[in-house]
Amino acid sequence: MAEGNCTQVTAFSLAGLTDDPGMRVTLFLLFLLIYTVTILGNMGMIALISASPQLHTPMYYFLGNLAFVDLCSSTVITPRTLADFVSEKKDIAYAGCIAQVFIFDLFGMTEGFLLAVMAYDRYVAICHPLVYLVIMSPKCCFQLVTSSYLVGLTNGMGQTIGMSNLSFCGSSVIDHFFCDISPLISLSTSDTTLSHIILRTSASLFGISSGLIVLVSYIAIIAAILSIHSAKGKCKAFSTCASHLTVVSIFYGTSIFMYLKASSRDDKWAAVLYTVVTPMLNPLIYSLRNREVREALRRLASMK
């Protein structure tokens, strides 16, 4: 279609997860439960870390920021999805769609780099324990977290600029339950070369680099743990990074599944995992698997 005859869409319609009314009610209740646990879990984690002096360490500073990112990334997706479950019209304004792309890509990439920063933190704690507090100084921690947000901001701006240059003159139905960059690019009637380049460059440059940091850190951690002679020492060393390793496995497991997906239906349910379920699991994993968090919670409860 010629650009001169193009009538730009002013709103998109989300296909959602299902058209079955009964299934939509079930999913509404399930998503509402998950979102409630997500809000309570992440806000509770942030409050606990702030109120407990024994948790004022680099590891929990990063964890507090991870909880904040999970809270924001879930809030930009789930409330809108809940409203769509009980509404016949699933329209979203063009500006609202761009805002959702920007915020989701910002916090999604920020989470990836925060997990990489936390992997580096665990590497220093296990492999260089004597100089841990020197290396992971408050200034260094602040710079690492700020860098994570800046990378996320760069990713969000890049994806948004790429999307804002596209023309949408044909179908306005997005085959998804939120505004994601890939289905939006597939709807465009203009040249999508630049958008594909930005998307692939971002995934390769930022995604692979954060993954490599995690991989190299854990190779060094595993090597250090295996060099410990006592079984008790190995168990103690592994327990310091078990929670983080579980969260990393979930995050990168869903990411790998996205690249190996067989259909757009798989795409939607994989997206449910990393947009709705994972933000709920992270605080639960750290509270259930982490002895220091449980002790801080008990101490705070006994004080009250």
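Residues numbered from 1 in each chain as written. Predicted model: local features only at pLDDT ≥ 70, side-chain atom pairs only at ≥ 80, totals over all residues. Heavy atoms only, no water.

**Quick look at the overall build of the chain**
Thinking step 1. In terms of regular secondary structure, the chain is built from 12 helices and 3 strands.
Thinking step 2. For the chain, whose C-alpha radius of gyration is 21 Å, the value lies close to the compact-globule estimate of 19 Å for 304 residues.
Thinking step 3. Its C-alpha atoms give the chain principal-axis dimensions of roughly 70 × 40 × 35 Å.
Thinking step 4. Buried positions account for 46% of the 304 residues belonging to the chain.
Thinking step 5. Residue pairs at least 24 apart in sequence account for 80% of intrachain contacts in the chain once pairs closer than 6 positions are excluded.
Thinking step 6. When the accessible surface of the chain is split by element, carbon and sulfur atoms take 70% of a total near 15,000 Å².
Thinking step 7. Separation of charge centres in the chain, based on 19 positive and 17 negative side chains, amounts to 15 Å. (Helix = DSSP H or I, 4+ residues; strand = E, 2+ residues; numbered from the N terminus. Rg over C-alpha atoms; globule rule 2.2 N^0.38 Å. Buried < 20%, exposed > 50% of the residue type's maximum accessible area, 1.4 Å probe, protein only. Contact = heavy atoms within 4.5 Å. Areas by Shrake-Rupley, 256 points an atom, 1.4 Å probe, with all protein chains shown as cover. Lys, Arg positive; Asp, Glu negative; His and termini not counted. Charge placed at Lys NZ, Arg CZ, Asp CG, Glu CD.)

**Here's the deal with the UniProt feature "transmembrane region" (unreviewed entry) in the chain**
Thinking step 1. The residues that UniProt annotates with the feature "transmembrane region" (unreviewed entry) are residues 27-48, 60-80, 92-118, 130-151, 203-226, 238-259 and 271-289.
Thinking step 2. Between the end C-alpha atoms of residues 27-48 there is a gap of 31 Å, over a span that is 100% helix and 0% strand.
Thinking step 3. Secondary structure content for residues 130-151 is 82% helix and 0% strand, while the C-alpha to C-alpha distance between its ends is 30 Å. (UniProt positions renumbered as here; feature names shortened; annotations may be inferred.)

**Thoughts on the sheet that holds strand 2 (residues 91-93)**
Thinking step 1. Within the open sheet, the 3 strands sit side by side as 2-1-3. Their pairing is mixed. In the strand order of this sheet, the two ends are held by strand 2 and strand 3 (173-174), each with one partner.
Thinking step 2. As defined by bridge partners, strand 1 (residues 11-14) adjoins strand 2 across 3 bridges and the pair is classed as antiparallel. Within strand 2, the position partnered with Phe12 by the bridge is Ile92. (Pairing = 2+ DSSP bridges.)

**A closer look at the pattern of salt bridges**
Thinking step 1. Tallied over the entire structure, the rule returns 4 salt bridges.
Thinking step 2. Here Asp91 and Lys89 are joined by a salt bridge, their closest N and O atoms 3.6 Å apart.
Thinking step 3. Linking Asp121 and Arg122 is a salt bridge whose minimum nitrogen-to-oxygen distance equals 2.8 Å. With respect to class, Asp121 is no different from Arg122; both count as buried. (Salt bridge = Lys/Arg side-chain N within 4 Å of Asp/Glu carboxyl O.)

**Quick word on the layout of surface pockets**
Thinking step 1. By volume, the second largest pocket is sized at about 640 Å³.
Thinking step 2. What lines the second largest pocket is a set of 20 residues, and nearest its centre among them are Met59, Arg122, Thr240, Arg291 and Glu292.
Thinking step 3. Counting only elements with at least two residues in the lining of the second largest pocket, the list comes to helix 2 (58-75), helix 4 (94-127), helix 5 (132-135), helix 9 (231-239), helix 10 (242-259) and helix 12 (291-303).
Thinking step 4. When grouped by side-chain class, the residues that make up the lining of the second largest pocket number 10 nonpolar, 5 polar and 5 charged. (1 Å grid on protein atoms, 1.4 Å probe; cavity = no way out; pocket = protein on both sides within 12 Å on 5 of 7 lines; lining within 4 Å. Points joined across faces, edges and corners; volume = space filled by probe spheres on them. Nonpolar A, V, L, I, M, F, W, Y, C, P; charged D, E, K, R; others polar.)

**Side note on the packing of aromatic side chains**
Thinking step 1. Applying the stated criterion to the full structure yields 10 aromatic pairs.
Thinking step 2. Residues Phe104 and Phe178 carry aromatic rings whose centres are separated by 5.1 Å and whose planes lie at 65° to one another, so their mutual orientation is edge-to-face. Taken together, the residues Phe104 in helix 4 and Phe178 in the loop between strand 3 and helix 7 (181-187) connect sequence positions 74 residues apart. Take Phe104 and Phe178: they sit in the same class, and that class is buried.
Thinking step 3. Measuring from ring centre to ring centre gives 6.1 Å for Tyr120 and Tyr123, while their planes differ by 35°; the resulting arrangement is tilted. (Phe/Tyr/Trp six-rings, centres within 6.5 Å; stacked < 30°, edge-to-face > 60°.)

**What about the packing of helix 1 (residues 21-51) against helix 3 (residues 78-85)?**
Thinking step 1. In contact at an axis separation of 9 Å, helix 1 and helix 3 are set at 155° when each is read in the N-to-C sense. On the basis of the axis angle, helix 1 is roughly antiparallel to helix 3. Between helix 1 and helix 3 lies a crossing whose hand is left-handed. From helix 1, Arg24, Leu27, Phe28, Phe31, Leu32 and Tyr35 reach across to helix 3, where they touch Thr78, Pro79, Thr81, Leu82, Asp84 and Phe85.
Thinking step 2. Its residues placed into classes, the contact of helix 1 with helix 3 shows 8 nonpolar, 2 polar and 2 charged. (Axes fitted to C-alpha atoms, helices over the stretch in contact; angles between N-to-C directions. Parallel < 35°, antiparallel > 145°, perpendicular 65-115°, else oblique. Left-handed = near helix turned anticlockwise from the far one by under 90°.)

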